Amino acid sequence: MEKKTDGLVLRSRDYRENDKLLTVLTAKYGKLTVAARGVKKAGAKLRFAAQPFCFAEFVLAERGGRHTLVSASCHESFFALWTEAIYPASAVLEIADAVASEGAVCTDFFLHTVEALRNMTAGDVKEALAAYLLCALDECGIPVDTGRCFLCGRELTAPKTYFYFPTGSFSCAACAKGVGTAYETYLLLRRLRFGGAGESEEETKRRALSLLKEYLSYKTEIGSRCLKEYLRQLSR
Ligand SMILES: [Zn+2]
């Protein structure tokens, strides 16, 4: 049986002499493992489709639950991210791989993943990554609550708010539950979630990324080597 679906290559590893085994996040079928035969040979027609960041329409053959690449036509490659933003872009792929489960349909998450890479190519890399982490946390069922103080219900105000890891919520300076967090960090997360105009300082973006990474580690086993490395570079 043949399947046709949009897909994004998250991971590619060597398999046999000339083949690769791909992890592909697809729009229709969730995450799939796909064997790509002969793609390591010089001049192989489907070589492009066997690389991380390839976003294409894939035709896959399925037999006994195993998938083989038949053909692919590239929508967008995002290969420019290899040189321009390799750590944050690879963090998106690693997190997508960890969050999506094999065969479970996740159409919205697929679209958010592609959009994150597109936003990184065209716009603000840190904000694109932070917005993606918020979306990945939603997908895991542990959203960050960017509403009012979760204890007293007041609106949060400058200069300080508190973030409480067990519930993923912010509290006001009077309630002061959790870890002290700059009000600007809260504002940025709120803007990324609800949209709206605004501009944040680079340090605020770094702090927001760091908070989201800590929260992800607090709640899940998901770790991203590239996210860790990116944050290390930013804090130099
Ligand atoms: Zn409060």
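S.K.: Explain the sheet that holds strand β8 (residues 179–182) to me, please; I cannot follow it from the model alone.
M.R.: In any sheet, the strands associate via hydrogen bonds between backbone groups, in a parallel or an antiparallel arrangement. In spatial order, the strands read β7-β6-β8; together these 3 strands make up an open sheet with antiparallel pairing. Across the chains shown, the open sheet's two edge strands, defined by having one partner strand only, are β7 (169–171) and β8. Averaged over all pairs of adjacent strands, the angle between strand axes in this sheet comes to 45°, irrespective of strand direction. Here strand β6 (residues 160–164) pairs with β7 via 3 bridges, running antiparallel. Bridge pairing in β7 links Y162 to S171.

S.K.: Hey, could you run me through the sheet that holds strand β1 (residues 2–15) in this one?
M.R.: Here 5 strands make up a closed barrel; going around it, the order is β1-β2-β3-β5-β4 and the pairing mixed. The mean angle between the axes of side-by-side strands here comes to 50°, regardless of whether they run parallel or antiparallel. For strand β2 (residues 19–26) and strand β3 (residues 30–36), the ladder comprises 7 bridges, and the chain directions are antiparallel. Bridged to V24 within β3 is L32. Contacting β1, β2 and β3, helix α2 (residues 86–99) crosses the sheet at an angle of about 110° to β1. Along the sheet, helix α3 (residues 107–122) makes contact with β1, β2, β4 (55–63) and β5 (66–76), crossing β1 at roughly 60°.

S.K.: Can you walk me through the pattern of salt bridges in this structure?
M.R.: Close approach of charged atoms lets side chains of opposite charge pair. This model, assessed by the stated rule, comprises 17 salt bridges. Here K31 makes a salt bridge to D97, at a shortest N to O gap of 2.9 Å. On the criterion of sequence distance, the pair formed by K31 in strand β3 and D97 in helix α2 is long-range, its members being 66 residues apart. We note that K31, like D97, is buried. When the shortest N-O distance is used, the salt bridge between R207 and E203 registers 3.4 Å. Within this pair, R207 and its partner E203 are both found in helix α6 (residues 202–219), separated by 4 residues, close to a single helical turn. If you follow the salt bridges from partner to partner, you end up with D124, K126, E202 and K205 in one network.

S.K.: Could you clarify how one ought to interpret the coordination of the zinc ion in this entry?
M.R.: Ideal donor angles around a metal are set by the shape: a four-donor tetrahedron calls for 109.5 degrees, a six-donor octahedron for 90 or 180 degrees. With distances of 2.3 Å, the protein atoms coordinating the zinc ion are C149 (SG), C152 (SG), C172 (SG) and C175 (SG). For the zinc ion, the 4 donor atoms in the first shell make angles of 104 to 117° at the metal, so the coordination geometry reads as tetrahedral. Expressed as a motif, the donor residue spacing for the zinc ion is C-x2-C-x19-C-x2-C. Of this pair, C149 sits in the loop between α4 (125–139) and β6 while C172 sits in the loop between β7 and β8; the two residues are 23 residues apart in sequence, bridging distant segments of the chain. Taking relative accessible area as the criterion, C172 reaches 9% and is therefore assigned buried.

S.K.: What's the story with the domain arrangement of the protein chain in this structure? I'm lost.
M.R.: A common way to report how large an interface is uses the accessible area buried once the components associate. According to the domain assignment, the protein chain contains domain 1 (2–76) and domain 2 (81–234). A straight line from the C-alpha centre of domain 1 to that of domain 2 covers 30 Å. Contact with domain 1, which involves 20 residues of that partner, is made by 22 residues of domain 2. Buried area between domain 1 and domain 2, both sides added, is near 1700 Å², and the carbon and sulfur share of it is 66%. In terms of surface lost to domain 2, no three residues of domain 1 exceed L25, K31 and F53, which account for 41% of the buried area on that side. One can count 3 salt bridges joining domain 1 with domain 2. For the salt bridge of R11 with D97, the shortest nitrogen-to-oxygen distance reads 2.8 Å. Taken together, the links from domain 1 to domain 2 amount to 7 residue pairs in polar contact (both at pLDDT 80 or more). Going through the elements one at a time, β1, β2 and β3 are the ones with two or more residues in the side of domain 1 that touches domain 2. No other element matches the 6 residues that β1 contributes to the side of domain 1 that touches domain 2. Of the residues assigned to the side of domain 1 that touches domain 2, the class counts are 10 nonpolar, 5 polar and 5 charged.

Rules behind the numbers
- Residues numbered from 1 in each chain as written.
- Predicted model: local features only at pLDDT ≥ 70, side-chain atom pairs only at ≥ 80, totals over all residues.
- Heavy atoms only, no water.
- Pairing = 2+ DSSP bridges.
- Helix = DSSP H or I, 4+ residues; strand = E, 2+ residues; numbered from the N terminus.
- Axes fitted to C-alpha atoms, helices over the stretch in contact; angles between N-to-C directions.
- Contact = heavy atoms within 4.5 Å.
- Salt bridge = Lys/Arg side-chain N within 4 Å of Asp/Glu carboxyl O.
- Buried < 20%, exposed > 50% of the residue type's maximum accessible area, 1.4 Å probe, protein only.
- Donors = N, O, S within 2.8 Å, 3.2 Å for Na, K, Ca; no water.
- Tetrahedral: all angles 85-135°; square planar, octahedral: opposite > 155°, others 65-115°.
- Domains from an automatic or database assignment.
- Buried area = accessible area lost by both parts, 1.4 Å probe.
- Polar contact = N/O pair within 3.5 Å; in protein donor to acceptor, adjacent residues only side chain to side chain.
- Nonpolar A, V, L, I, M, F, W, Y, C, P; charged D, E, K, R; others polar.

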